[in-house]
Amino acid sequence: MADFTLRATACETALWPTGTFSDAYTANRKAAIESIIDMDQIAACVRELMSEQDSWTGTAADLWRLTVERSSQRGESSRWTRNPRVLAGNLRRVQTFLQALGVEITFSREGRAGTRVIRMRRSTEKNVSTVSYVSRMRIVD
């Protein structure tokens, strides 16, 4: 995909103004990531939670209780995640997509007992990135 992006960016000035391909690619990638998050209930719940606060720290059990409580307040079924372990696994799966939209998630162990802690925080910049500038490119076939 990187090769395609480099080639398209290098050739775009023949048809469009500079930056047209990069802008379209970035917008399409962001739309795809947002649709993935919208289809995943855990990711959508985390995105909603992080839109209301700058950071959250707790265990998977704490997050599981919070998501069950939020879904019951909205009248939704809370059966979409069976237990905290499943929730943490699903959260790891969507971690990259959430990071692309500005929600950083880290998993760590703390204390003598090695309690597993999840830290989430909103970052100030969105991480959906593409190749934005190609100064010189030599295409060899």
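Keep in mind that this is a model prediction, so the values were computed, not measured.

Trainee: What is the right way to read the overall build of the protein chain from this model?
Mentor: Broken down by element type, the protein chain carries five helices and three strands. Shown N-terminal to C-terminal, the secondary structure of the protein chain runs as helices and strands in the order α-α-α-β-α-α-β-β. Relative to its 141 residues, the protein chain shows a buried fraction of 30%. In the protein chain, the share of contacts with a sequence separation of at least 24, taken over all contacts with a separation of at least 6, comes to 55%.

Trainee: For this particular structure, what's the right way to read helix H3 (residues 41-52)?
Mentor: The periodicity of an α-helix, 3.6 residues per turn, causes residues three or four positions apart to be oriented the same way. Helix length check: H3, at 12 residues, gives a terminal C-alpha distance of 17 Å against a target of 16 Å (1.5 Å per residue), a fit within 8%. What H3 keeps buried is the set Ile42, Ala43, Cys45, Val46, Leu49 and Met50. Looking straight down H3, one finds that the buried residues subtend no more than 160 degrees of arc, so they occupy a single side. Buried residues in H3 make contact with helix H2 (20-39), strand S1 (55-58), helix H4 (60-73), helix H5 (84-100), strand S2 (103-110) and strand S3 (115-122). Where H3 starts, the residue carrying a side-chain oxygen 3.0 Å from the main-chain nitrogen of Ile42 turns out to be Asp40.

Trainee: Which parts of the structure should I look at to understand the layout of surface pockets?
Mentor: Vacant regions in the atomic arrangement are exposed by a probe of water-molecule size rolled over the atoms. Roughly 190 Å³ of volume is contained in the largest pocket. Along the walls of the largest pocket sit Ala60, Arg85, Ala88, Gly89, Arg92, Phe107, Ser108, Arg109, Arg116, Val117 and Ile118, which together make up its complete lining. The set of elements that each furnish at least two residues to the lining of the largest pocket consists of H5, S2 and S3. When the residues that make up the lining of the largest pocket are grouped by side-chain class, the tally is five nonpolar, two polar and four charged.

Trainee: Just to check I follow, could you spell out the confidence of the model for the protein chain for this structure?
Mentor: Detailed reading of the predicted model is not advised wherever pLDDT is low. Summing up the model confidence of the protein chain, the mean pLDDT is 82 and the portion of residues at 70 or higher is 84%. Ranking the elements of the protein chain by mean pLDDT puts helix H1 (residues 2-11) last with 82 and S1 first with 96. Counting contacts from residues 129-141, a segment whose pLDDT is below 50, to residues more than four positions away or on other chains yields 17 contacts.

Trainee: Please explain the sheet that holds S3 as it appears in this structure.
Mentor: By way of backbone hydrogen bonds, the strands of a sheet pair with one another, either parallel or antiparallel. The three strands lie next to each other as S1-S3-S2, forming an open sheet whose pairing is antiparallel. Edge positions in the sheet fall to S1 and S2, since each has one partner strand and no second. Adjacent strand axes in the sheet meet at a mean angle of 15 degrees when their direction is disregarded. Relative to S3, S2 runs antiparallel, the two being bridged by eight bridges. The residue bridging Arg109 from the neighbouring strand is Arg116, located in S3. Sitting on the sheet, H3 touches S1, S2 and S3, and the angle it makes with S3 is about 65 degrees. Along the sheet, H5 makes contact with S2 and S3, crossing S2 at roughly 140 degrees.

Trainee: Please explain H5 as it appears in this structure.
Mentor: When the terminal C-alpha atoms of H5 are compared, their 24 Å separation across 17 residues agrees well with the 24 Å that a helix rising 1.5 Å per residue should span. The sharpest bend along H5 reaches about 50 degrees and sits at Val94. Buried within H5 we find Val86, Leu87, Ala88, Leu91, Val94, Leu98 and Ala100. Buried residues belonging to H5 abut H2, H3, H4, S2 and S3.

How each quantity is defined
Residues numbered from 1 in each chain as written. Predicted model: local features only at pLDDT ≥ 70, side-chain atom pairs only at ≥ 80, totals over all residues. Heavy atoms only, no water. Helix = DSSP H or I, 4+ residues; strand = E, 2+ residues; numbered from the N terminus. Buried < 20%, exposed > 50% of the residue type's maximum accessible area, 1.4 Å probe, protein only. Contact = heavy atoms within 4.5 Å. Expected span 1.5 Å × (residues − 1). Arc of directions from axis to C-beta. Polar contact = N/O pair within 3.5 Å; in protein donor to acceptor, adjacent residues only side chain to side chain. 1 Å grid on protein atoms, 1.4 Å probe; cavity = no way out; pocket = protein on both sides within 12 Å on 5 of 7 lines; lining within 4 Å. Points joined across faces, edges and corners; volume = space filled by probe spheres on them. Nonpolar A, V, L, I, M, F, W, Y, C, P; charged D, E, K, R; others polar. pLDDT = per-residue confidence, 0-100. Pairing = 2+ DSSP bridges. Axes fitted to C-alpha atoms, helices over the stretch in contact; angles between N-to-C directions. Bend = angle between axes of the 7 residues up to and from the residue.

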